[in-house]
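Residue-level structure breakdown
Here are the chains, one letter per residue:
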Amino acid sequence: MKWVASELHTHTAHSDGKQTLPELARGAKKLGYDCIALTDHNTMSGLADKEAVERETGLAILPGMEWTTFYGHMVTVGLRAFVDWRQAEPDNIRAGLTEIHRHGGVAGLAHPFRIGSPACTGCYWEFEVEDWNEFDYIEVWSTTFAPIRPDNRRAYALWTDRLNAGDRIAATSGRDWHEQKATDDPLSVTYLGIEDEQAPLAEQALLALRAGRVAVTLGPLLTLEIRSGATGRTYGIGAVVPAAADEGVSASCTALVSLQFSVREGLWELPPQSYRLAIWSNKGVVAERRIEATDDATYSLDIDAGDTTWTRAELWGVVKGIYTLIAFTNAIYFA
Amino acid sequence: MLLDIEKHVTPEHSRSHLRFPFRLERPAAKLNIRFSYTPKVLEEDAVARRLMEISIERYIEPERQKAALENLERYLPLQNLITVSVDDADGYRGACHRHDPAQQLYLSENGASPGLIGGRIGVGDWAVTLSVHSVVTESCACRLEVWVSGEEGFE
Ligand SMILES: [Zn+2]
Ligand SMILES: [Zn+2]
């Protein structure tokens, strides 16, 4: 699996951004991203020179649009056609979602707990949701130094609640990047797990997003695999560990956590420290350990997977003097 | 002039779309749109604070509301936001989601203002939609003008 550094929420002057697509793409390249989604508000006109910019920068650019409605912002990516955002009413977002999927796109809640009207009409998610499974993802980390922000903590808690309720839904970061302005804040990276490295990257990135093959971080790349005691096989992020006939065997699993500090070298830094690695599931923290080394390494943690419906890894530590979540993987599910 | 509209909107129009259809009888080289609204900013500080108090109560978790109220200035000044989108007989021709209260826009065969989609300015039913995201002032005066210039193949 190749993990591609992506930024999934960006704007240009085609909506309210203060940058052109080439400026955005060059800026993203400089920050070590290999893939971006252009998600201008309610228009896709900024994508007219997409191919030329991809050729110039080597970046994969996913077509997207942020549904900037009165009741919520919804990022959509990968559509082959326009779906009308102006039909959105509090009780009918499901119809829009169906159309988005029908046209090959994926959709996620953007910054669902950002303050709403009148400071930012529609920024707070107010749509009624019947079935969370129909959404592809929740943007749980918005803007910069994301994990310390209260509205992002609420979004992360919403995601955890949905996983606990049995929904299968991904979690991403998005800078909501409007201009090329330097910042000292740590930046989030959404890594997308690419299965076929020969196929066009944009296509594969979309598949990864749809399948929840996603890992989010302020720096080191944290990924997870579960080796099932029942089947002896290994399952990656977004996959489903099948149920075993024999309950006793299925309960013993190994979490294989890979931590790569060498990614995007020189583009982020964390102070020397002892990190906390935790394996979460619907039962809470089911395994944890300290990490002192910053070499790229894989750690094995035994977990009891009885009554488990999902699991994910989290890396905690100190960033700019604040103890915070640094990285998390998306879920591996249990049938 | 295909459209020349003056419309007063109030806070009751917030979160609604105002659709202004028009018909193009002949193809044109360029469709021009001039749109403006005023005022942009809610100047009455006490009113703005009251609106933000309601908003904080509604959108911020109870345990953080006190801190949010103490930092209420960060949301001020409150502003009206109305955005433009365009449709032709075949479908969507883009939107201009930005804060400028005065915008001079165009669409033509070979180009368009950022947010809008260039292409044929063809015969048929068109519409400009004003999306009233938020009106915080007692009243807000909108002006929308639409006209074509040049026959197809000229200009
Ligand atoms: Zn937004
Ligand atoms: Zn945005």
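This text goes with the structure placed above it.
The notes below deal with the structure included here. (Residues numbered from 1 in each chain as written. Chains lettered and ligands numbered in written order. Predicted model: local features only at pLDDT ≥ 70, side-chain atom pairs only at ≥ 80, totals over all residues. Heavy atoms only, no water.)

A tally of helices and strands in chain B yields two helices and nine strands. Moving toward the C terminus, one meets the helices and strands of chain B in the order β-β-β-α-α-β-β-β-β-β-β. Seen through its principal axes, chain B has C-alpha atoms that stretch 60 × 25 × 20 Å. Counting every position in chain B, which comprises 155 residues, the buried fraction comes to 49%. (Helix = DSSP H or I, 4+ residues; strand = E, 2+ residues; numbered from the N terminus. Buried < 20%, exposed > 50% of the residue type's maximum accessible area, 1.4 Å probe, protein only.)

If you look at the interface, chain A gives 24 residues, while chain B gives 31 residues. Around 2500 Å² of area is buried between chain A and chain B when both sides are counted, 60% of it from carbon and sulfur atoms. On inspection of chain A and its partner chain B, the count reaches three salt bridges. One salt bridge in this structure joins Arg86 of chain A and Asp87 of chain B, with 2.7 Å as the shortest N-O distance. Between the two partners, chain A and chain B, sit 19 residue pairs in polar contact (both at pLDDT 80 or more). Taken together, the residues of the side of chain A that touches chain B break down into 10 nonpolar, 10 polar and four charged. (Contact = heavy atoms within 4.5 Å. Buried area = accessible area lost by both parts, 1.4 Å probe. Salt bridge = Lys/Arg side-chain N within 4 Å of Asp/Glu carboxyl O. Polar contact = N/O pair within 3.5 Å; in protein donor to acceptor, adjacent residues only side chain to side chain. Nonpolar A, V, L, I, M, F, W, Y, C, P; charged D, E, K, R; others polar.)

Looking now at the packing of helix H1 (residues 45-59) of chain B against helix H2 (residues 62-70) of chain B. Residues and elements named next belong to chain B. Where H1 contacts H2, the axes come no closer than 9 Å and their chain directions differ by 155°. It follows that H1 is roughly antiparallel to H2 by the angle criterion. Between H1 and H2 lies a crossing of right-handed hand. Judged by residue contacts, Glu53, Ile56 and Glu57 of H1 engage Gln65, Ala68 and Leu69 from H2. Tallied by class, residues from the contact of H1 with H2 come to three nonpolar, one polar and two charged. (Axes fitted to C-alpha atoms, helices over the stretch in contact; angles between N-to-C directions. Parallel < 35°, antiparallel > 145°, perpendicular 65-115°, else oblique. Left-handed = near helix turned anticlockwise from the far one by under 90°.)

So, about helix H3 (residues 93-102) of chain A. The periodicity of an α-helix, 3.6 residues per turn, causes residues three or four places apart in sequence to face the same way. Residues and elements named next belong to chain A. For H3, the complete set of buried residues consists of Ile93, Gly96, Leu97 and Ile100. For H3, the angular spread of buried residues about the axis comes to 100°, placing them on one side. Lining the buried residues of H3 we find strand E3 (60-68), strand E4 (73-77) and strand E5 (106-109). Positive backbone phi, approximately 85°, marks Gly104, located one or two places after H3. (Arc of directions from axis to C-beta.)

All names here are of chain A. Within the first shell, the zinc ion (ligand 2) binds the protein through His9 (NE2), His11 (NE2), Glu66 (OE) and Asp176 (OD), at distances of 2.0 to 2.2 Å. Spacing between the donor residues of the zinc ion (ligand 2) along their common chain follows H-x1-H-x54-E-x109-D. The exposure class assigned to Glu66 is buried, which follows from its relative accessible area of 0%. (Donors = N, O, S within 2.8 Å, 3.2 Å for Na, K, Ca; no water.)

For the rest of this paragraph, the subject is the packing of helix H1 (residues 21-30) of chain A against helix H2 (residues 50-57) of chain A. Residue and element names in this part refer to chain A. Between H1 and H2, the shortest axis-to-axis distance is 10 Å and the interhelical angle comes to 30°. It follows that H1 is roughly parallel to H2 by the angle criterion. Considering only the axes of H1 and H2, their crossing is right-handed. In contact with Leu21, Pro22, Ala25, Arg26 and Lys29 of H1, H2 contributes Lys50, Val53, Glu56 and Thr57.

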